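Now for the letters of each chain:
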Amino acid sequence: MPDYVEIPILPVAHRCGIELNPKTLDRVEVEGYCPFCHARHNHLYLNTEHNQWHCKKCGARGNAVTLYARVHHLTNREAFRELMQDSVLRFYQKPQRPVRTAVTNLAPLERRHDVYYDLLRMLGLSPAHLRNLLERGLSRERIGENMYRTMPDDWRARRDIACELAKTHDLSGVPGFFTRDGEWSLWGKEGFLIPVLTKDGYIQGLQIRLDDASKGKYRWISSNPDYRDKQGRPVFENGARAYSWVHVTGDPSKTTVCITEGGLKGDAASFLRGEALFVCVPGVNSTEYLVDTLKGLTPEKILVCYDMDLLGNSEVAKALQKMRRTVTEQLSVPCETFLWDPAYKGIDDYLLYRKNKAAA
């Protein structure tokens with residue numbers, strides 16, 4: 001038996017019974033449902049170039065052999081032997097991918113901000129979404145300042161808004177915007193928009209809090225030009241993918257920085273704590289922009305305020321420890337984990353409870 005043979009990831013995923021997103025099968029990274037954290041959204045990514053896998057929800061990762069071993073409760077050696085006996089795997093041919101046309105570069109921050117700012121000025125906020133935000137402890141004034149807006153659920157309305165913006169803005173490379181049949185349009189789902197800001201208040205990108213949370217609560221407003229239809233044609237011409245930008249909210253001059261998951265949670269927590277400085281990652285494993293964001297601030301102390309379900313989730317706990325080590329090494333700033341009553345999942349929930357208790 002050879003010392004090392006690279007096992008293709010896709011047929012192994014099929015053998016493991018993993019449900020894959022058929023719309024992503026022609027991409028380098030195929031999406032699927034994680035068999036370990038059982039998240040309801042496609043958080044599992046299978047890289048078919050390097051035959052690696054990674055769940056962005058629970059942080060589990062590895063190669064084709066470790067995936068098969070973990071699913072079937074085998075050692076890596078046992079898993080490798082079983083897989084090498086499968087002729088389908090041994091003679092598997094990697095599918096040829098369609099040649100990609102040039103991808104439009106991401107628009108610079110200043111242009112993205114201008115487009116998003118004017119987009120939000122054109123939109124309103126529905127009564128249902130206003131109630132949702134008020135129930136989180138935000139004031140009407142703060143809701144207005146933060147520019148939360150309801151996304152139009154009709155594609156025609158989104159197209160008309162995009163065409164109007166195109167009269168005064170270059171929309172190419174702005175995530176969420178794309179052309180179809182020569183007309184500009186805007187991707188969207190039913191929900192409300194959350195601006196994701198830099199420390200200077202520039203809108204880097206937009207997230208949407210979905211009304212239907214059965215497939216995950218939050219999505220980036222994105223128009224990745226790599227997405228293709230069944231005929232291999234780009235779905236989002238002149239578009240751009242969103243990245244895992246970090247949201248900054250509160251007083252940026254403060255020296256105590258709180259790190260939490262999600263921009264909306266950070267907005268509410270900062271407001272409830274009197275403009276406390278919160279730096280908000282999109283998820284516990286989406287921290288690629290975190291250190292650079294912290295370096296742009298003046299932290300003397302860092303408090304990690306991840307959701308309290310970390311106490312029962314070993315993968316989240318591992319991600320937290322890894323993040324704390326990285327931050328401590330890169331910034332030489334004390335980094336502590338802040339814990340509270342686990343009856344309240346998020347830091348915003350806990351701070352709202354304390355506010356209501358004090359007012360009673």
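It should be emphasised that the depicted structure is a prediction, and the values quoted were computed from it without experimental measurement.

On to the sheet that holds strand β15 (residues 335–337). Within a sheet, each strand pairs with its neighbour through backbone hydrogen bonds, oriented either parallel or antiparallel. Ordered in space as β11-β13-β12-β14-β15, the 5 strands form an open sheet in which the pairing is mixed. Each edge of the sheet is formed by a strand with only one pairing partner; in this case those strands are β11 (247–249) and β15. Here the average twist between neighbouring strands, direction ignored, is 25 degrees. Note that strand β12 (residues 256–261) and strand β14 (residues 301–304) share 4 bridges and pair parallel. Across the sheet, residue Cys258 finds its bridge partner in β14, namely Leu303. Against the sheet, helix α11 (residues 314–331) engages β12, β14 and β15, with an angle of about 160 degrees to β15.

On inspection of all chains with the given rule, the structure shows 10 aromatic pairs. Look at Trp220 and Trp245: their rings are 5.7 Å apart centre to centre, the planes differ by 80 degrees, and that puts the pair in the edge-to-face class. Here Trp245 lies in the loop between β10 (218–220) and β11 and Trp220 lies in strand β10, a separation of 25 residues in the sequence. By relative accessible area, which is 19% here, Trp220 ends up buried. You can call Trp245 buried: its relative accessible area is 7%. Residues Phe338 and Trp340 carry aromatic rings whose centres are separated by 5.7 Å and whose planes lie at 40 degrees to one another, so their mutual orientation is tilted. You can call Phe338 partly exposed: its relative accessible area is 31%. Grouped by ring-pair contacts, the aromatic residues Phe338, Trp340, Tyr344, Tyr350 and Tyr353 constitute a single cluster. Over the face of the ring belonging to Phe36 we find Arg70, whose NZ or CZ atom lies 4.1 Å from the ring centre.

Basis of the calculations
- Residues numbered from 1 in each chain as written.
- Predicted model: local features only at pLDDT ≥ 70, side-chain atom pairs only at ≥ 80, totals over all residues.
- Heavy atoms only, no water.
- Pairing = 2+ DSSP bridges.
- Helix = DSSP H or I, 4+ residues; strand = E, 2+ residues; numbered from the N terminus.
- Axes fitted to C-alpha atoms, helices over the stretch in contact; angles between N-to-C directions.
- Contact = heavy atoms within 4.5 Å.
- Phe/Tyr/Trp six-rings, centres within 6.5 Å; stacked < 30°, edge-to-face > 60°.
- Buried < 20%, exposed > 50% of the residue type's maximum accessible area, 1.4 Å probe, protein only.
- Lys NZ or Arg CZ within 6 Å of the ring centre and 35° of its normal.

From the geometry alone we can't say anything about function, so treat these as descriptive.
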